[in-house]
Amino acid sequence: MALLKVKFNQKKRVKLAQGLWLMNWFSVFAGILVFSMGLFLKIELRKRSEVMDNSESHFVPNSLILMGILSCAFNGFAGKICYDSLDPAKFAKWKPLLKPYLALCCVFNMLLFFVALICFLMRGSLESTLAQGLKNGMKFYRDTDTPGRCFMKKTIDMLQIEFKCCGNSGYKDWFEIQWISNRYLDFSSKEVKDRIKSNVDGRYLVDGVPFSCCNPSSPRPCIQYQVTNNSAHYSYDYQTEELNLWRRGCREALLNYYSSMMSSMGAVILLVWLFEMSVMVGLRLLHTSLESIANPEDPECESEGWVLENSLKDTFKSALENLKKLGKFNQVEAGAEGAEGEEGGKTPAITTVS
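Thresholds, definitions, all that
- Residues numbered from 1 in each chain as written.
- Predicted model: local features only at pLDDT ≥ 70, side-chain atom pairs only at ≥ 80, totals over all residues.
- Heavy atoms only, no water.
- UniProt positions renumbered as here; feature names shortened; annotations may be inferred.
- Disulfide = S-S within 2.5 Å.
- Helix = DSSP H or I, 4+ residues; strand = E, 2+ residues; numbered from the N terminus.
- Buried < 20%, exposed > 50% of the residue type's maximum accessible area, 1.4 Å probe, protein only.
- Patch = residues over 30% accessible without salt bridge, like charges linked within 9 Å, V, L, I, M, F, W, Y side chains within 5 Å.
- Areas by Shrake-Rupley, 256 points an atom, 1.4 Å probe, with all protein chains shown as cover.
- Salt bridge = Lys/Arg side-chain N within 4 Å of Asp/Glu carboxyl O.
- 1 Å grid on protein atoms, 1.4 Å probe; cavity = no way out; pocket = protein on both sides within 12 Å on 5 of 7 lines; lining within 4 Å.
- Points joined across faces, edges and corners; volume = space filled by probe spheres on them.
- Nonpolar A, V, L, I, M, F, W, Y, C, P; charged D, E, K, R; others polar.

The protein chain goes by Peripherin-2 in an unreviewed UniProt entry, where it is assigned to Setophaga kirtlandii. What UniProt records for the protein chain under Sequence similarities (unreviewed entry) is the sentence "Belongs to the PRPH2/ROM1 family." Database annotation for the protein chain, UniProt heading Subcellular location (unreviewed entry): "Membrane".

Spelled out as structure tokens, the structure:
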């Protein structure tokens, strides 16, 4: 029994063709939307590429851009087919191409669904990329005189101000690295010497943070040095002073920003996928209804259209049988070639009679 079998007359076929033509053009605009989302995400990721460890995160925007281009191409072509299907003479030239085209549409829709899932599942990969990238960026914060790294201080400061964050996982990350350049340290000072000597790596570590970690909403002037020393400041307890510094790490802030963006894009792509699936089903119904016309010279006669010629179970069984036959055919060919090789390798025995 055919799946989703529908009876058509000429009027219904015309309405279906016209509706599909319109839907295909809507799909072209949806493809432009997907392309634009991919381009926007790529630009947003490139803005902060200095604090990302690798380029794996660009897989999503690149996939969106590719899917957008393919969507415009596929749906533009389908729109032409639907328009020509109103004229039997014009539709005849498309008949041999429809089955391969529908197969390509199935592959395209599977890829589109896969890209939508990737948008929801990229959080883990993005988190590791940001964690390592921010760690490296904070190490280079002090290298304002080093070519290729002199921009890193500005990048980190602008990032912390824009996203209201501090450090990688939190503000205490700054306590573990030397973020003050040596050119601004007085090495004749006893305090500086003691701090450098007390550290195994010879770094100048302080319980302080850059100015960009300061929260402007704090009612008191920002305490960015001796953050953990309560006695160094009047009426101060660093464990309860939540407004003094940003408590959230920049990794979490960036991860939430990009994750929410990609989740929204994934939801939009799922809607586009559902729309594309409905267009593909409609095109299949149009194709089968036109092919099943009993008398091609009488376009007004009734016909039947279906999505699958048999039920899902029978179609699946048929596909498995075809695969098995293909495997057996390859084995037979390999066996025949081996037999020919053995026969060719034999040398006939020659007897001589004296």
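There is more to say after this.
Caption draft 1: Geometry of the state of the cysteines. In total, this model carries 3 disulfides according to the counting rule given. Cys165 shares a disulfide with Cys250; S-S distance 2.1 Å. Across the disulfide from Cys165 to Cys250, rotation about the S-S bond amounts to roughly 85°, and the bridge is consequently right-handed. One end of the pair, Cys165, is in the loop between helix H6 (152–163) and helix H7 (190–197); the other, Cys250, is in helix H8 (residues 250–291), and 85 residues separate them in sequence. The pair formed by Cys165 and Cys250 is uniform in burial state, with each residue classed as buried. Covalent S-S linkage joins Cys166 and Cys213, the inter-sulfur distance amounting to 2.1 Å. One disulfide, between Cys166 and Cys213, carries an S-S torsion of 85° and so falls in the right-handed class. Note that Cys166 is positioned in the loop between H6 and H7 and Cys213 in the loop between H7 and H8, a separation of 47 residues in sequence. The same class applies to Cys166 and to Cys213, which are both buried.

Caption draft 2: Looking closely at the UniProt feature "transmembrane region" (unreviewed entry) in the protein chain. UniProt annotation of "transmembrane region" (unreviewed entry) refers to residues 20–41, 101–122 and 255–275 when read in the numbering used here. The span residues 101–122 is 95% helical and 0% strand by assignment, and the distance between its end C-alpha atoms comes to 31 Å. Within the segment residues 255–275, helix and strand shares are 100% and 0% respectively, and the terminal C-alpha atoms sit 30 Å apart.

Caption draft 3: Expanded view of a nonpolar patch on the surface. Together, Trp21, Leu22, Trp25, Phe26, Phe29, Ile32, Tyr83 and Leu86 line one region of the surface with nonpolar side chains, adding up to about 840 Å² of accessible area. Per-element accounting of the nonpolar patch gives the leading share, 6 residues, to helix H1 (residues 10–47). Its place among the elements puts Phe26 in helix H1.

Caption draft 4: The arrangement of empty space enclosed by the protein in detail. Per the counting criterion, the structure on display carries 2 cavities of 30 Å³ or more. As a volume, the largest cavity reaches approximately 90 Å³. Of all the secondary-structure elements, those providing two or more residues to the lining of the largest cavity are helix H2 (59–84), helix H4 (95–121) and H8. For the lining of the largest cavity, the residue count by class is 8 nonpolar, 3 polar and 1 charged. Surrounding the second largest cavity, Tyr171, Val227, Tyr236, Tyr238, Glu241, Asn244, Leu245 and Arg247 form its lining. A per-class count over the lining of the second largest cavity returns 5 nonpolar, 1 polar and 2 charged.

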